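Coordinates in review
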Amino acid sequence: MTSPASFPDYITIALWATNLGKPISSMADWADHVDGQMAKAAKQGAKVFVMPEYDSEQWMAFKPEGLQPNQEISWMADQAPAAREHAARLSKKHDMLFVAGSMPWHLDPADPAKGQTNSAMIFTPEGDAIIQDKLSLTPGEQEPDDWNLIPGKEFGVFKWRGLNVAVLICLDIEMPALSCLLAPLDIDLLLVPSMTMTPSGYHRVFGCAKARAVELMTVIGACGTTGTAINTTQNPTNYSGCSVFTPCEPQLGHTGIFAQTEPTFDDGGDGEMLIAKDIPVGLVRALRGGDAEVWPGGWTANHVQINSKMP
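Residues numbered from 1 in each chain as written. Predicted model: local features only at pLDDT ≥ 70, side-chain atom pairs only at ≥ 80, totals over all residues. Heavy atoms only, no water.

This brings us to the packing of helix α1 (residues 27-43) against helix α2 (residues 72-94). The contact between α1 and α2 brings their axes to 10 Å, and the two run at 25°. Judged on the interaxial angle alone, α2 and α1 are roughly parallel. Crossing geometry of α1 relative to α2 is assigned as right-handed. Each of M27, A28, W30, A31, V34, D35, M38, A39 and A42 in α1 lies in contact with α2, whose residues at this interface are Q79, A82, A83, H86, R89, L90, S91, K93 and H94. Taken together, the residues of the contact of α1 with α2 break down into 11 nonpolar, four polar and three charged. (Axes fitted to C-alpha atoms, helices over the stretch in contact; angles between N-to-C directions. Helix = DSSP H or I, 4+ residues; strand = E, 2+ residues; numbered from the N terminus. Parallel < 35°, antiparallel > 145°, perpendicular 65-115°, else oblique. Left-handed = near helix turned anticlockwise from the far one by under 90°. Contact = heavy atoms within 4.5 Å. Nonpolar A, V, L, I, M, F, W, Y, C, P; charged D, E, K, R; others polar.)

Put into structure tokens, the structure is as follows:
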């Protein structure tokens, strides 16, 4: 993958809690709207731009009349190639690593009947395109009569401008077993697009994201959808915000919260955008390399035996 070898000491990232209720009339209209938000972020120095899980539900505003709930995933997957073309162009235009949220994707474009994944679409300004499927699906994502999706099977870390970057979608960040697998991968930036309908869902995802920052000794950026998509049949509410978490270390301010917005159901506008400036990724890498106060990732359980005979 095209990438300069130097490692940055700091990076500025933008996270957009997209309001799905913002009216759009076409895929080109969607792209223009995203373009405007990326331009605002670029003016403030952002080099990474993250949109939430199922930001594609905003396309429901121009879905064909009579589309049934169990047809929506396949229809959004039909639109996804055009969205990918726009996103790749915008990544280059604004010189940003762009996580264009997640959207349904046909396992086999020649045969949509084989099913769809919920896939994060990631683009670099150098022209790379990466797909990361959601590994852990919610019950609602597996309903045969509604959004019947197929879970992903692979996870990858990619290098971009010296950073080791990865993406986990929503429920995936809540899986401690997955975190154990990620600990040896030396991740510098873990990005988490999400969709949560209620405050409880928001706090599960963002609370676990904060824990993963400690466990992985890394920087985590999370954002979710807000508002209600026009013509939706699935998600009558969306509640979320944006946060950047770091390990809970003295050099990083102790709390593990680098920047955040207040979560909301609907801000009445485009959705809140967080510009997290000058995140000290170099310092976090040094802490992960051995300078941390305490890092659980440096500990193994090889010497522990389970006592199954306890009363």
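Having seen it, we continue.
The next thing to look at is the sheet that holds strand β10 (residues 242-245). If you trace the six strands from one edge of the open sheet to the other, you get β6-β7-β8-β9-β10-β11, paired in mixed fashion. Both outer strands of the open sheet, β6 (158-160) and β11 (257-260), are each paired with one neighbouring strand and no more. For this sheet, the mean angle separating the axes of adjacent strands, direction not counted, is 20°. (Pairing = 2+ DSSP bridges.)

Turning our eyes to something else, we now look at the packing of aromatic side chains. The description of an aromatic ring pair uses the distance of the two centres, along with the angle that the planes make with each other. Tallied over the entire structure, the rule returns eight aromatic pairs. Through a chain of ring-to-ring contacts, three or more aromatic side chains come together here, namely Y202, F206, Y239 and F265. It is R84 that lies over the ring of W105; its NZ or CZ is 5.0 Å from the centre. It is R285 that lies over the ring of F7; its NZ or CZ is 3.7 Å from the centre. (Phe/Tyr/Trp six-rings, centres within 6.5 Å; stacked < 30°, edge-to-face > 60°. Lys NZ or Arg CZ within 6 Å of the ring centre and 35° of its normal.)

Turning our attention to the nonpolar core. If you look at the biggest cluster of nonpolar residues, it comprises 54 residues, and the most contacted ones within it are I13, V48 and L191. The element contributing the most residues to this core is helix α4 (residues 199-216), with six residues. Setting aside residues up to four positions removed in sequence, I13 forms contacts with A46, V48, L191, G221, V244, L274, I275, A276 and I279. Counting 37 residues, the second largest nonpolar core, distinct from the first, contains A14, M51, M60 and M76. (Core = buried A, V, L, I, M, F, W, Y, C linked by side-chain atoms within 4.5 Å. Buried < 20%, exposed > 50% of the residue type's maximum accessible area, 1.4 Å probe, protein only.)

This next bit is on the state of the cysteines. Evaluation of the coordinates by the stated rule reveals zero disulfides. The closest cysteine sulfur to the non-disulfide-bonded C242 is located on C223, 5.3 Å from its own sulfur. For C242, a relative accessible area of 0% gives the class buried. The structure places no disulfide on C248, whose sulfur is separated from the nearest cysteine sulfur, that of C208, by 14 Å. (Disulfide = S-S within 2.5 Å.)

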